[in-house]
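Each chain, written out:
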Amino acid sequence: MKRPAPALAMALPLAALAACTTGAEPPQSASPPAPEPAACDREATAQFIGRTASAELGEEMLAATGATTLRWVPPRTAVTMDFRPDRLTVSYNDDMMIERVSCT
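These numbers were taken from a predicted model, which means no experiment stands behind them.

Participant: What should I look at first to understand the sheet that holds strand S2 (residues 87-92) in this one?
Facilitator: Across a sheet, paired strands are connected by hydrogen bonds in the backbone, their directions being either parallel or antiparallel. The sheet built from three strands is open, its strands ordered S1-S2-S3 with mixed pairing. Only two strands of the sheet have a single partner each, and these edge strands are strand S1 (69-73) and strand S3 (98-103). Along the sheet, successive strands turn relative to each other by an average axial angle of 20°, direction set aside. One ladder, built from five bridges, connects S2 with S3; its direction is antiparallel. Directly across from Leu-88, in S3, lies its bridge partner Cys-103.

Encoded structure:
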């Protein structure tokens, strides 16, 4: 059996490695960044404290504050501490009375 020439023996592994690289940068996404969500109006939240929690009131709260997401927090419930400027968080007690409203 003949051995390949030394130059050919070195060229084969190099050719295999060269096939693995492209040399070009990956294309960048042409889509623009997503717009920031609308911020919740903190000034409008105070009027809802002391009222009875309901789906209808939730709709009214979203409309008044400009929030796009509503999170109800029942008594004795743990919630995440992530901040979302488009979210309205409403905490109520066992009697369904709203105790706290915040834009988070």
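Still more to cover.
Participant: Whenever I open this one, helix H2 (residues 55-65) confuses me. Can you help?
Facilitator: One full turn of an α-helix is made of 3.6 residues, so residues set three or four places apart face in the same direction. Among all positions of H2, only Leu-57, Gly-58, Met-61, Leu-62 and Thr-65 are buried. End-on, the buried residues of H2 take up no more than an arc of 140°, which puts them together on one face. Facing away from the buried side of H2, by more than 90 degrees, are the exposed residues Glu-56, Glu-59 and Ala-63. Where H2 is buried, its residues contact S1, S2 and S3. Following H2 by one or two positions, Gly-66 adopts a phi angle in the positive range, close to 80°.

Criteria and cut-off values
Residues numbered from 1 in each chain as written. Predicted model: local features only at pLDDT ≥ 70, side-chain atom pairs only at ≥ 80, totals over all residues. Heavy atoms only, no water. Pairing = 2+ DSSP bridges. Helix = DSSP H or I, 4+ residues; strand = E, 2+ residues; numbered from the N terminus. Axes fitted to C-alpha atoms, helices over the stretch in contact; angles between N-to-C directions. Buried < 20%, exposed > 50% of the residue type's maximum accessible area, 1.4 Å probe, protein only. Arc of directions from axis to C-beta. Contact = heavy atoms within 4.5 Å.

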